[in-house]
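Here are the chains, one letter per residue:
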Amino acid sequence: MVKAAADDGAGGSEQPGERAAAIARRLDRLMAREAARSGGRPPAYRELADRINRLAGRDVISRDTVRNLHLGLNQKGQACNPTVDTLDWLGRGFGIGAGASYFLDDAKAAVVDEQLEQLERVAELRQALGNDGVVNLAKRASALSDGSLRVLLSLADNLRKLEQDAAEEGPVGQDGRHTTPADGR
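Calculation criteria
- Residues numbered from 1 in each chain as written.
- Predicted model: local features only at pLDDT ≥ 70, side-chain atom pairs only at ≥ 80, totals over all residues.
- Heavy atoms only, no water.
- Helix = DSSP H or I, 4+ residues; strand = E, 2+ residues; numbered from the N terminus.
- Buried < 20%, exposed > 50% of the residue type's maximum accessible area, 1.4 Å probe, protein only.
- Contact = heavy atoms within 4.5 Å.
- Axes fitted to C-alpha atoms, helices over the stretch in contact; angles between N-to-C directions.
- Parallel < 35°, antiparallel > 145°, perpendicular 65-115°, else oblique.
- Nonpolar A, V, L, I, M, F, W, Y, C, P; charged D, E, K, R; others polar.
- Phe/Tyr/Trp six-rings, centres within 6.5 Å; stacked < 30°, edge-to-face > 60°.
- Lys NZ or Arg CZ within 6 Å of the ring centre and 35° of its normal.
- Salt bridge = Lys/Arg side-chain N within 4 Å of Asp/Glu carboxyl O.
- Core = buried A, V, L, I, M, F, W, Y, C linked by side-chain atoms within 4.5 Å.
- pLDDT = per-residue confidence, 0-100.
- 1 Å grid on protein atoms, 1.4 Å probe; cavity = no way out; pocket = protein on both sides within 12 Å on 5 of 7 lines; lining within 4 Å.
- Points joined across faces, edges and corners; volume = space filled by probe spheres on them.

Caption draft 1: Spatial organisation of the side chain of Glu 34. Take Glu 34: it is sitting in helix H1 (residues 16–37). Given the relative accessible area of 14%, Glu 34 is considered buried. Those residues in contact with Glu 34 that lie beyond four places of it in its chain are Pro 43, Arg 51 and Phe 94.

Written out as structure tokens, the structure is:
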């Protein structure tokens, strides 16, 4: 028989609503991370359920269960109380071997979150190293003093922010003004 998440000993003093909210927050973070990696769209509940069920080789979770866990409430408006098996598979669907422990244990969740952040930094570094301009800049910067490196980093941050702001405002037309789809310029 599969043990209920409330019986696992982790966070035993938590109320079901608090535990459901913690699970929902962690699932939301995982979905947001995946959205950031895939261009801005988080996976749909059905996509997650299908991925997890393919991984398991059997039906272990439904789209409704994923939705309920993400919201922290079931259809009756009560706090979710998933089984350890369900949380294990949910974690595995995001590549987390710790499974249920990630959703139920704050200390283990913090370790996994840190590992995920490190993996994201490595991926960003790999992408940057594929850009000759970035590699040349890094080579030149390696001879700079710590103070000059701080100035260079600050300049890079400011330039990134300016470019992001400009991208959000839209392209600039021939008259030097930002164009928007609404004004047709």
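Caption draft 2: Broad picture of the packing of H1 against helix H6 (residues 106–129). Where H1 meets H6, the closest approach of the two axes is 12 Å, and the angle between their N-to-C directions is 5 degrees. Put simply, H1 runs roughly parallel to H6. Residues Arg 26, Arg 29, Leu 30, Arg 33 and Arg 37 of H1 form the contact with H6, whose participating residues are Asp 106, Ala 109, Asp 113, Leu 116, Glu 117 and Glu 120. Tallied by class, the residues present in the contact of H1 with H6 amount to 3 nonpolar, no polar and 8 charged.

Caption draft 3: Seen up close, the packing of aromatic side chains. Under the counting rule described, the total for this entry stands at 1 aromatic pair. Ring geometry for Tyr 102 and Phe 103: centres 5.2 Å apart, planes at 80 degrees, overall edge-to-face. Accessibility assignment for this pair places Tyr 102 and Phe 103 in one class, buried. Here Arg 51 stacks its cationic end above the ring of Phe 94, 5.7 Å away from the centre of that ring. Above the face of the Trp 89 ring, Arg 92 is positioned so that its terminal group lies 4.4 Å from the ring centre.

Caption draft 4: Layout of the packing of H1 against helix H3 (residues 63–71). Relative orientation of the contacting elements H1 and H3 amounts to 110 degrees, with a least axis distance of 6 Å. Looking at the two axes, H1 sits roughly perpendicular to H3. Across the interface between the two elements, Ile 23, Ala 24, Leu 27, Asp 28 and Met 31 from H1 touch Val 66, Leu 69, His 70 and Leu 71 from H3. When grouped by side-chain class, the residues that make up the contact of H1 with H3 number 7 nonpolar, 1 polar and 1 charged.

Caption draft 5: Representation of the pattern of salt bridges in the model. The full count for this structure, using the stated rule, is 12 salt bridges. Linking Arg 63 and Asp 64 is a salt bridge whose minimum nitrogen-to-oxygen distance equals 3.8 Å. The partner of Arg 121 in a salt bridge is Glu 114, with the nearest N and O atoms 3.4 Å apart. Accessibility expressed as a relative area gives 34% for Glu 114, which makes it partly exposed.

Caption draft 6: Seen up close, the nonpolar core. Residues Ile 61, Leu 90, Phe 94 and Phe 103 are the most contacted members of the largest nonpolar core, which totals 27 residues. Looking at this core, the elements with two or more residues in it are H1, helix H2 (45–56), H3, helix H4 (84–93), helix H5 (100–104) and H6. Sort the elements by how many residues they give to this core and H1 lands first, with 5 residues. When neighbours within four sequence positions are excluded, Leu 90 is seen to be in contact with Leu 27, Ile 52, Ile 61, Leu 69 and Phe 103.

Caption draft 7: Spatial organisation of H4. The buried fraction of H4 amounts to 8 of the 10 residues, a majority that puts the element mostly inside the structure. Buried residues along H4 sit against H1, H2, H3 and H5. After H4 finishes, the residue Gly 95 shows a positive phi value of roughly 80 degrees.

Caption draft 8: Geometry of the confidence of the model for the protein. Mean pLDDT for the protein: 82, with 84% of residues reaching 70 or above. Across residues 1–12, confidence stays below pLDDT 50; counting only partners more than four residues off in sequence or on other chains, it has 21 contacts.

Caption draft 9: Looking closely at the layout of surface pockets. Looking at the largest pocket, its volume works out to about 390 Å³. Lining the largest pocket we find Val 134, Leu 137, Ala 138, Ala 141, Leu 149, Leu 152, Leu 153, Ala 156, Asp 157 and Arg 160. Every element with two or more residues in the lining of the largest pocket is listed here: helix H7 (132–141) and helix H8 (146–169). Among the elements that take part in the lining of the largest pocket, H8 stands out by supplying 6 residues, more than any other. Quantified by volume, the second largest pocket comes out at close to 210 Å³. Around the second largest pocket, the lining residues are Arg 33, Ala 36, Arg 37, Glu 120, Ala 123, Glu 124, Gln 127 and Ala 128. Secondary structure elements with two or more residues in the lining of the second largest pocket: H1 and H6. Element by element, the count of residues in the lining of the second largest pocket is highest for H6, at 5 residues. For the lining of the second largest pocket, the class distribution of residues is 3 nonpolar, 1 polar and 4 charged.

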